[in-house]
Amino acid sequence: MDIQKVAVIGGGTMGNGICHVFAMNGIAVHLVETKQELADKALSTIENNLGRMVDKEKIDVGQKEETLSNIQPFLNISKAVKEVDLVVEAVPENFELKKKVFAEVDKAAPKKAILASNTSSISITKLAATTYRPEQFIGMHFFNPVPVMKLVEVVKGLETSDEAIRVITETAEALGKNPVEVADYPGFVSNRVLMPMINEAIYCVYEGVAEPEDVDSVMKLGMAHPMGPLRLADFIGLDVCLDILNVLHDGFKDPKYRPCPLLVKMVDAGKLGDKSGEGFYEYD
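Residues numbered from 1 in each chain as written. Predicted model: local features only at pLDDT ≥ 70, side-chain atom pairs only at ≥ 80, totals over all residues. Heavy atoms only, no water.

**With respect to the side chain of Asp234**
Within the secondary structure, Asp234 is located in helix 10 (residues 229–236). No salt bridge is formed by the buried Asp234; the nearest opposite charge belongs to Arg231, separated by 4.9 Å. Sequence-distant contacts of Asp234, that is, excluding residues within four places in its chain, are made with Leu272, Gly273, Asp274, Gly279, Phe280, Tyr281 and Tyr283. (Helix = DSSP H or I, 4+ residues; strand = E, 2+ residues; numbered from the N terminus. Buried < 20%, exposed > 50% of the residue type's maximum accessible area, 1.4 Å probe, protein only. Lys, Arg positive; Asp, Glu negative; His and termini not counted. Salt bridge = Lys/Arg side-chain N within 4 Å of Asp/Glu carboxyl O. Contact = heavy atoms within 4.5 Å.)

**A word on the side chain of Lys64**
Mapped onto the elements of the fold, Lys64 is located in helix 3 (residues 61–69). Of the side chains with opposite charge, Glu47 comes closest to the buried, unpaired Lys64, at an N-O distance of 4.1 Å.

**Here we look at the UniProt feature "domain: 3-hydroxyacyl-CoA dehydrogenase C-terminal" (unreviewed entry) in the protein**
UniProt records the feature "domain: 3-hydroxyacyl-CoA dehydrogenase C-terminal" (unreviewed entry) at residues 187–283, using the numbering of this structure. With 62% helix and 0% strand, residues 187–283 has end C-alpha atoms that lie 28 Å from one another. (UniProt positions renumbered as here; feature names shortened; annotations may be inferred.)

**Focus: the pairing of strand 6 (residues 137–141)**
Within strand 6, five of the five residues are buried, leaving the element largely enclosed by the surrounding structure. Where burial is concerned, the two faces of strand 6 agree: the one with Phe137, Gly139 and His141 and the one with Ile138 and Met140 are both buried. As judged from the three bridges shared by strand 5 (residues 114–117) and strand 6, these two strands associate in the parallel manner. Across the sheet, Ser117 pairs through a bridge with Gly139, a residue of strand 6. As paired strands, strand 6 and strand 7 (residues 151–156) are joined by three bridges and run antiparallel to one another. Across the sheet, Gly139 pairs through a bridge with Val155, a residue of strand 7. (Pairing = 2+ DSSP bridges.)

In structure tokens:
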């Protein structure tokens, strides 16, 4: 099965990046958003990112225009998924919201279509069980910024078929990505390792061990990390970090995944990082 047409549900940070890479590789994309202004914003972001690629001479103007022509916006999920080969869900990290999306997708998408979630931590098996095609349900976890980052975690649920794994692995490779197959456990591999490190860095600030800049300097200069864990947390979004830690804590019932109280307080205060203009650092 070759993926010729894909629907991406959600045009936020991850969704517009996923649309970008599919469209740039000649695949027709149906971008689904809830409001026209959100769809317009997603398309504008993609156009701006392509423009930067033109400025850096990574692509030419013709490739930019061709990529944009491969993307069609929709405000209705059922219409968007009617004739696609693959649906990639990229809505916020909330199980009930994703369940609602997949209920509509499952009814309207062709029987052959593979359903994929870009979730960074929620159980693929649990999401798949809300559909009538768990064997065609899979995790396709991209990383931010999607056009740049090479990794895709391909997450196999309990009933995910070998054929679905093969198709998604080959599709990721066709996008220029490096797929890595992982089993369905909370946080998969990436966030099971990353989030406890970020959480511990937040505890260092919470307990007065060091200031955010100093924690990040230690990890960059001493551990050769390109970005410190607190700067990375701001980039990811502190609300997203908290959601993932809660999934890990609930899934494993292990206190080592308990979110730092400072992280909870900052999210409650609306200090979410880059997206809000303030987190552990301040942004324009």
